[in-house]
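Structural description and commentary
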Amino acid sequence: DTAVSQTPKYLVTQMGNDKSIKCEQNLGHDTMYWYKQDSKKFLKIMFSYNNKELIINETVPNRFSPKSPDKAHLNLHINSLELGDSAVYFCASSRTMTDLYEQYFGPGTRLTVT
Amino acid sequence: AQTVTQSQPEMSVQEAETVTLSCTYDTSENNYYLFWYKQPPSRQMILVIRQEAYKQQNATENRFSVNFQKAAKSFSLKISDSQLGDTAMYFCAFISNRDDKIIFGKGTRLHILP
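Computed from a predicted structure; not experimentally measured. (Residues numbered from 1 in each chain as written. Chains lettered and ligands numbered in written order. Predicted model: local features only at pLDDT ≥ 70, side-chain atom pairs only at ≥ 80, totals over all residues. Heavy atoms only, no water.)

As a rule of thumb, soluble globular proteins bury nonpolar side chains together. Core analysis: the largest hydrophobic core is formed by 27 residues, its most contacted members being Leu 21, Tyr 25, Trp 36, Phe 75, Leu 77, Tyr 90 and Leu 110 of chain B. Broken down by secondary-structure element, the contributors of at least two residues to this core are strand 2 (10–14), strand 3 (19–21), strand 5 (32–39), strand 6 (46–52), strand 8 (64–69), strand 9 (74–79), strand 10 (88–96) and strand 12 (108–113) of chain B. Looking at this core, the element that brings in the most residues is strand 10 of chain B, giving four residues. Counting residues in hydrophobic clusters, the runner-up holds 21 residues, among them Phe 47, Tyr 89, Cys 91 and Val 113 of chain A. (Core = buried A, V, L, I, M, F, W, Y, C linked by side-chain atoms within 4.5 Å. Buried < 20%, exposed > 50% of the residue type's maximum accessible area, 1.4 Å probe, protein only. Helix = DSSP H or I, 4+ residues; strand = E, 2+ residues; numbered from the N terminus.)

See below:
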């Protein structure tokens, strides 16, 4: 049983295109996150949703827009892709975000912009 | 498939004490990286320390050190002279050298008590 799943696992696209990455969790968690991993393995939080409500919105370009149709899904849409968007994007979920709770991470989506 | 296990969901120690967080992993690969990340309530993931599997010497970063036992597939984190600011979730992570895939443990909640 996959707890947190992401699709696609690999995404290769050209500059200027618009793409989406989907994330789903089957854990019944209230909170979901998107992280971007840079080449030095540092994970930077981008967004967090709690019960479909945007809670954390770090300084990311407006081209990135999260969408949460229900609390089990948090999709990441990226407009006008740029070379610097190439990275691995991780989705994660936790039961709540009011305290330090364990997080379950998805397998990651490797985005390559050419 | 690779797995990462953190067997301690939660730990509490007094300030200035030394604490060890355990992590075990399973892989059939010989070349890989291991990381410890710290996650404060802001949900950012801060890289604490990294270890290359081909290096026998244990990595050290100021008050943080690891005990890397490759044969036993163990990678514990020792925090010396613990400080209140060390209170956070700590995630152990495995990164394959073959496909750069990152696998996280579920985290250990560490409380440093005054």
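For the rest of this paragraph, the subject is the state of the cysteines. Residue and element names in this part refer to chain A. Taken as a whole, this structure holds two disulfides over all chains when the rule is applied. Put simply, Cys 23 and Cys 91 are joined by a disulfide, and their sulfur atoms are 1.8 Å apart. Classification of the bridge connecting Cys 23 and Cys 91 rests on its S-S torsion, roughly -75°, and on that basis the disulfide is left-handed. In this pair, Cys 23 is assigned in strand 3 (residues 19–25) and Cys 91 in strand 9 (residues 87–94), connecting sequence segments 68 residues apart. Exposure remark for Cys 23: the relative accessible area of 1% places this residue in the buried category. (Disulfide = S-S within 2.5 Å.)

Residue and element names in this part refer to chain B. Considering the arrangement of structural elements, one finds Glu 29 in the loop between strand 4 (24–26) and strand 5. On the basis of relative accessible area, Glu 29 is assigned to the buried category, the value being 14%. In this structure the side chain of Glu 29 is engaged in a polar contact, spanning 2.8 Å, whose partner is the side chain of Ser 96. Excluding residues that lie within four positions of it along the chain, Glu 29 makes contacts with Gln 2, Phe 94, Ser 96, Asn 97 and Arg 98. (Polar contact = N/O pair within 3.5 Å; in protein donor to acceptor, adjacent residues only side chain to side chain. Contact = heavy atoms within 4.5 Å.)

Residue and element names in this part refer to chain B. Considering the arrangement of structural elements, one finds Gln 51 in strand 6. A polar side-chain atom of Gln 51 sits 3.1 Å from the main-chain carbonyl oxygen of Lys 55. When near neighbours in sequence (up to four residues on either side) are disregarded, Gln 51 contacts Tyr 32, Tyr 33, Leu 34, Gln 57, Asn 58, Ala 59, Val 66, Phe 68 and Phe 75.

Facing the 24 residues of chain A at the interface are 24 residues of chain B. Carbon and sulfur atoms supply 56% of the area that chain A and chain B bury against each other, a total of about 2000 Å² over both sides. Along the contact surface separating chain A from chain B lie zero salt bridges. Our count for the contact surface shared by chain A and chain B stands at one residue pair in polar contact (both at pLDDT 80 or more). (Buried area = accessible area lost by both parts, 1.4 Å probe. Salt bridge = Lys/Arg side-chain N within 4 Å of Asp/Glu carboxyl O.)

This part is about the confidence of the model for chain A. Predicted confidence across chain A gives a mean pLDDT of 88, with 94% of residues reaching 70 or more. Here strand 6 (residues 53–57) of chain A stands out as the least confident element of chain A, with mean pLDDT 78; strand 3 of chain A is the most confident, with 97. (pLDDT = per-residue confidence, 0-100.)

Take the pattern of salt bridges next. The tally for this structure, following the rule as stated, stands at seven salt bridges over all chains. In this structure, the salt-bridge partner of Asp 85 of chain A is Arg 63 of chain A, at a minimum N-O distance of 2.8 Å. Here Arg 63 of chain A lies in the loop between strand 6 and strand 7 (64–67) and Asp 85 of chain A lies in the loop between strand 8 (75–78) and strand 9, a separation of 22 residues in the sequence. Assigned by exposure class, Asp 85 of chain A and Arg 63 of chain A land together as buried. In this structure, the salt-bridge partner of Glu 52 of chain B is Arg 50 of chain B, at a minimum N-O distance of 3.4 Å. Judged by its relative accessible area of 14%, Glu 52 of chain B falls in the buried class. A relative accessible area of 32% means that Arg 50 of chain B is categorised as partly exposed. Overlapping salt bridges, with partners in common, bring together Arg 63, Glu 82 and Asp 85 of chain A in one network.

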